[in-house]
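# Observations on the three-dimensional arrangement
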Amino acid sequence: MNTPIRKPAFHGTGGELFLIHLVNALLIVITLGIYWFWAKTKVRAYLYGQTEFDGDRFAYHGTGGELLRGWLKAVGLVFAVLVAGVLIQLLLGEIVGALFIYAALGFVVAPMAIVGARRYRLSRTSWRGVRFSFRASWKEFIPIFVLGVLLTVVTLGLYYPFFHVQVRRFLVDHSYFGNRPFSFDGDGRDIFGRHLLALLLFVPTLGFYWFWYTAFRNRYYWSHTSFGGARFDSTVTGGALLGLFLTNALLLLVTLGIAFPWVQVRTIRFHADRLVLAGPAELEEVRQEALAATATGEGLADLMDVDLVGADFFGL
C-alpha cells in the first residue's frame, strides 16, 4: 500500500506582488501611514491565496480594521506599562521602576504578543472552508518563556536550542486545523550538538556554517511535526539555503530594494517545493471548530518586533 504524499505549491509571481506593494505604498503615503494595516492584509491575503495544498488553496480572512484596532490596543497596553513604570520610579526609585518596565515588557508583553499574534493569524486562515485555531493562553506560555530566556542568558546561549524546541512544542501542540491538533515530538538534546558546533564554527566559517545548522534544524522540526497519522518532511539543505540568501541579497542590492516582492515569492516557493506531508492525514474526519480571536497580539508583535517562531506558512 502506497503512503499518501501531499505537497504544497506556491503560484504567486513577483510581478503581481510588486503591483500590490506599489499600490499599497502610494495609499500609505496618501493616508499618512494609516493604510499600512490594510496594506499588510492585502499582501497576506495574496500570499495565502496563492498557496495550494493537496489541490486546494488557503484563504486569509483578516481585515485592516482588525489590525488597526489591535495595534491601538497594543499601544495602549505598552503605554500603561510605561506609565506604571514611571510611577514606580517616583515612589521606589529609578532602578526599581526601570526593572519593572523591562520585566513587564520582556516577560509578560512579549509572550502575549507571540501567543496573541499566532492565535489571530491562525483564526483568520482557512483551507477547504475549515478554519485553523490556536488553543492556549499567553499565561500558560509565560513560565516557558521566562525560564527559557533566563537559562539562555545564564548559560551564555547554550540552553537556547532547548528553549527554542520548547517554544515550538507549545506553539505547534496547541495549533488546530478544525477539531484536529498538530503535534510536535522534538527534543532539544537532538539539536544541541549541532547548535554547539554552529557556535564553534561561526567565526572560522565567517558565519556561513549557520546556514547548514538552520537547514538541519528546519528538517528536524518538520520531521517531528505531525497531523493525524501523517508526518511532515523537509529536504532543505544548507547549500540551497545559502544560495537562496546570496541571490536574494544580490537582487535587493542591485535593484536598491525594488526586487523585494520577487524575493518574497522566491523564498516562499523555495520552502514549499521542499516540504511534504506523508501518511494518512485523515483530512476527511476534520470538522469545523473555529474560535474567536482579536488582533491585539498582532499589534504587540509589530510594536515589539517579536519573532513569532513560525506564525506563517512553512514555519508552523
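Preceding this paragraph is the structure being described.
The notes below deal with the structure included here. Keep in mind that this is a model prediction, so the values were computed, not measured. (Residues numbered from 1 in each chain as written. Predicted model: local features only at pLDDT ≥ 70, side-chain atom pairs only at ≥ 80, totals over all residues. Heavy atoms only, no water.)

The helix and strand tally for the protein chain stands at eleven helices and eleven strands. Counting contacts in the protein chain only where the partners sit at least 6 residues apart, residues at least 24 apart contribute 73% of the total. Here the protein chain displays about 15,700 Å² of accessible surface, and carbon together with sulfur accounts for 69% of that area. (Helix = DSSP H or I, 4+ residues; strand = E, 2+ residues; numbered from the N terminus. Contact = heavy atoms within 4.5 Å. Areas by Shrake-Rupley, 256 points an atom, 1.4 Å probe, with all protein chains shown as cover.)

Under the defined criterion, the tally for this structure stands at six salt bridges. Asp54 is the salt-bridge partner of Arg128, the closest N and O atoms lying 3.1 Å from each other. Note that Arg128 is positioned in the loop between β5 (125-127) and β6 (130-134) and Asp54 in the loop between β3 (51-53) and β4 (56-60), a separation of 74 residues in sequence. When the shortest N-O distance is used, the salt bridge between Asp185 and Arg231 registers 3.2 Å. Remark: Arg231 occurs in strand β10 (residues 230-234) and Asp185 occurs in the loop between β8 (180-184) and α7 (188-201); sequence separation between them is 46 residues. Asp185 sits in the partly exposed class, given a relative accessible area of 42%. Residue Arg231 is classed as partly exposed on the basis of its relative accessible area of 33%. One network of salt bridges, in which partners are shared, links Arg6, Asp54, Asp56 and Arg128. (Salt bridge = Lys/Arg side-chain N within 4 Å of Asp/Glu carboxyl O. Buried < 20%, exposed > 50% of the residue type's maximum accessible area, 1.4 Å probe, protein only.)

To continue, consider the side chain of Arg217. The residue Arg217 is located in helix α8 (residues 209-223) in this model. The contact partners of Arg217, leaving out residues within four places of it in the chain, are Tyr160, His164 and Ile191.

The next thing to look at is the sheet that holds β3. The strand order across the open sheet built from eleven strands is β1-β11-β10-β9-β8-β7-β6-β5-β4-β3-β2, with neighbouring strands paired in antiparallel fashion. Both edges of this open sheet fall to β1 (5-6) and β2 (8-10), since each of them pairs with a single strand only. Relative to β6, β5 is paired through two bridges, and the arrangement is antiparallel. Within the sheet, the bridge partner assigned to Ser126 lies in β6 and is Arg131. Sitting on the sheet, helix α2 (residues 36-49) touches β2, β3, β4 and β5, and the angle it makes with β4 is about 165°. (Pairing = 2+ DSSP bridges. Axes fitted to C-alpha atoms, helices over the stretch in contact; angles between N-to-C directions.)

With that settled, the discussion passes to a nonpolar patch on the surface. Together, Leu19, Leu22, Val23, Leu26, Leu27 and Ile30 make up a nonpolar patch on the protein surface, roughly 550 Å² of accessible area in all. Locating Leu22 in the fold gives a position in helix α1 (residues 14-30). (Patch = residues over 30% accessible without salt bridge, like charges linked within 9 Å, V, L, I, M, F, W, Y side chains within 5 Å.)

Moving on to the packing of aromatic side chains. For the coordinates displayed, the defined rule picks out 29 aromatic pairs. For the ring pair Phe18 and Trp262, a centre distance of 5.5 Å and an interplane angle of 35° mean the geometry is tilted. You can see Phe18 sitting in helix α1 and its partner Trp262 sitting in helix α10 (residues 260-272), a full 244 residues away along the chain. Following the ring pairs from residue to residue traces out a cluster consisting of Phe53, Phe58, Trp127, Phe132, Phe177, Phe182, Trp222, Phe227 and Phe232. Residue placement shows Arg135 over the ring face of Tyr176; its charged tip is 4.0 Å from the ring centre. A cation sits over an aromatic face here: Arg194 above Phe216, 4.2 Å from the ring centre. (Phe/Tyr/Trp six-rings, centres within 6.5 Å; stacked < 30°, edge-to-face > 60°. Lys NZ or Arg CZ within 6 Å of the ring centre and 35° of its normal.)

This next bit is on the environment of Phe182. Tracing the chain through its elements places Phe182 in strand β8. Relative accessible area serves as the criterion here: at 8%, Phe182 is assigned to the buried category. Along the sequence, Phe182 and Phe227 sit 45 residues apart, while their C-alpha atoms lie 4.8 Å from each other.

Now for the pairing of β8. With two bridges joining them, strand β7 (residues 175-177) and β8 adopt antiparallel strand pairing. Pairing of Phe177 across the sheet is with Arg180, part of β8. Connecting the antiparallel pair β7 and β8 is a turn made up of two residues, with Gly178 showing a positive phi of about 65°. With three bridges joining them, β8 and strand β9 (residues 225-227) adopt antiparallel strand pairing. The residue of β9 that forms the bridge with Phe182 is Phe227.

Its 17 residues place the ends of helix α9 (residues 238-254) 24 Å apart at the C-alpha level, agreeing with the 24 Å of an ideal helix rising 1.5 Å per residue. Listed as buried for α9 are Gly238, Leu241, Leu242, Leu244 and Asn248. Around the axis of α9, the buried residues are gathered within 160° of arc, so they sit on the same side. Pointing more than 90 degrees away from the buried face of α9 are the exposed residues Leu250 and Val254. Where α9 is buried, its residues touch α8 and α10. Taken from the residues just after α9, Leu256 is the one with a positive phi, measuring 55°. (Expected span 1.5 Å × (residues − 1). Arc of directions from axis to C-beta.)

Remember that the coordinates give geometry; whether it matters functionally is a separate question.
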